[in-house]
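# Report on the structure
Take a look at the letters that make up each chain.
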Amino acid sequence: MNLPRRFDLIVFDWDGTLFDSTALIVRCIQDACADLGVPVPSNEAAAYVIGLGLQDALRQAVPGLEPASYPALAQRYRHHYFARQHELSLFEGALEMLQALKARHHWMAVATGKARRGLDEALAHSQLAGIFDGTRTADETASKPDPRMLLELMREFGAEPERTLMIGDTTHDLQLALNAGTPSLAVSYGAHSHEAFDAYGPLAVLHSTAELHRWLIDHA
């Protein structure tokens, strides 16, 4: 017997949640800093800002840089990222999970710190046309953890906060959910350490795409 559906709208972060891109993003931030001769952040510092909009991410990763230099740093980051994004792919099992949720008639969306160009190219590369019902990027609304992108998606689909689920790999995603009044799920295989997640009250912390898939089938 099928259980009643708990969530109408399921919203995924992209990098580090569905797309195996954390390590490349860290390297590209570091390479961009090296290009400009500014202090290169550690792996941990560069990973921490993943999920934010690019300008916000770079300001946090390299806080001592003159404001006028951030556009050049962003340009070098994009240069390195777009040169190597063809190396990236969805996490193993992510496509099957998305297809299973689609078959259950959930609305599915993406809320990401990527820019629109970057997300569109990643979706095309991953052959996910038609999977998602809506998407929001940081350059067309507000950067996480401002709740605007999640509020806009809920308004687009007429979904109530308690029937909307946000899934992400960073504390930025979980704070976004708190700010928007929605439940959240955390995954531990992305950018942030799972020890930091408890303070944000996710329904669960899942340690693989397979675990996430099972949780969603059983509980969503």
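Bear in mind that the values here come from a model prediction, so they are computed numbers and not experimental data.

With that out of the way, let us pick up the pairing of strand β5 (residues 184-187). Every second residue of β5 is oriented toward a common face, with S184 and A186 on one face and L185 and V187 on the other, all of them buried. Inspection of the sheet shows strand β4 (residues 164-168) paired to β5 by 3 bridges, in the parallel sense. In the sheet register, G168 faces β5, and the bridge partner there is A186. Remark: the β4/helix α8 (residues 171-180)/β5 crossover connection has right-handed handedness. Bridging between β5 and strand β6 (residues 205-206) involves 2 bridges; their strand directions are parallel. Looking at the pairing, A186 lines up with V205 of β6.

Our focus in this paragraph is the packing of aromatic side chains. What the rule picks out here adds up to 5 aromatic pairs. Ring centres of F91 and Y189 lie 4.8 Å apart, and the angle between their planes is 70°; on these two criteria the pair is classed as edge-to-face. You can see F91 sitting in the loop between α4 (70-84) and α5 (94-103) and its partner Y189 sitting in the loop between β5 and β6, a full 98 residues away along the chain. Above the ring of F82, the side-chain terminus of R117 is found at 3.9 Å from the ring centroid.

Here we take up the layout of surface pockets. Space inside the largest pocket adds up to approximately 430 Å³. In terms of lining, the largest pocket is formed by 25 residues, of which the most central are L54, Y77, G113, K114 and A115. For the lining of the largest pocket, the leading source of residues is α4, giving 4 residues. Broken down by class, the residue content of the lining of the largest pocket amounts to 12 nonpolar, 7 polar and 6 charged.

So, how was this worked out
- Residues numbered from 1 in each chain as written.
- Predicted model: local features only at pLDDT ≥ 70, side-chain atom pairs only at ≥ 80, totals over all residues.
- Heavy atoms only, no water.
- Buried < 20%, exposed > 50% of the residue type's maximum accessible area, 1.4 Å probe, protein only.
- Helix = DSSP H or I, 4+ residues; strand = E, 2+ residues; numbered from the N terminus.
- Pairing = 2+ DSSP bridges.
- Right-handed = clockwise from strand over helix to strand, strands pointing away.
- Phe/Tyr/Trp six-rings, centres within 6.5 Å; stacked < 30°, edge-to-face > 60°.
- Lys NZ or Arg CZ within 6 Å of the ring centre and 35° of its normal.
- 1 Å grid on protein atoms, 1.4 Å probe; cavity = no way out; pocket = protein on both sides within 12 Å on 5 of 7 lines; lining within 4 Å.
- Points joined across faces, edges and corners; volume = space filled by probe spheres on them.
- Nonpolar A, V, L, I, M, F, W, Y, C, P; charged D, E, K, R; others polar.

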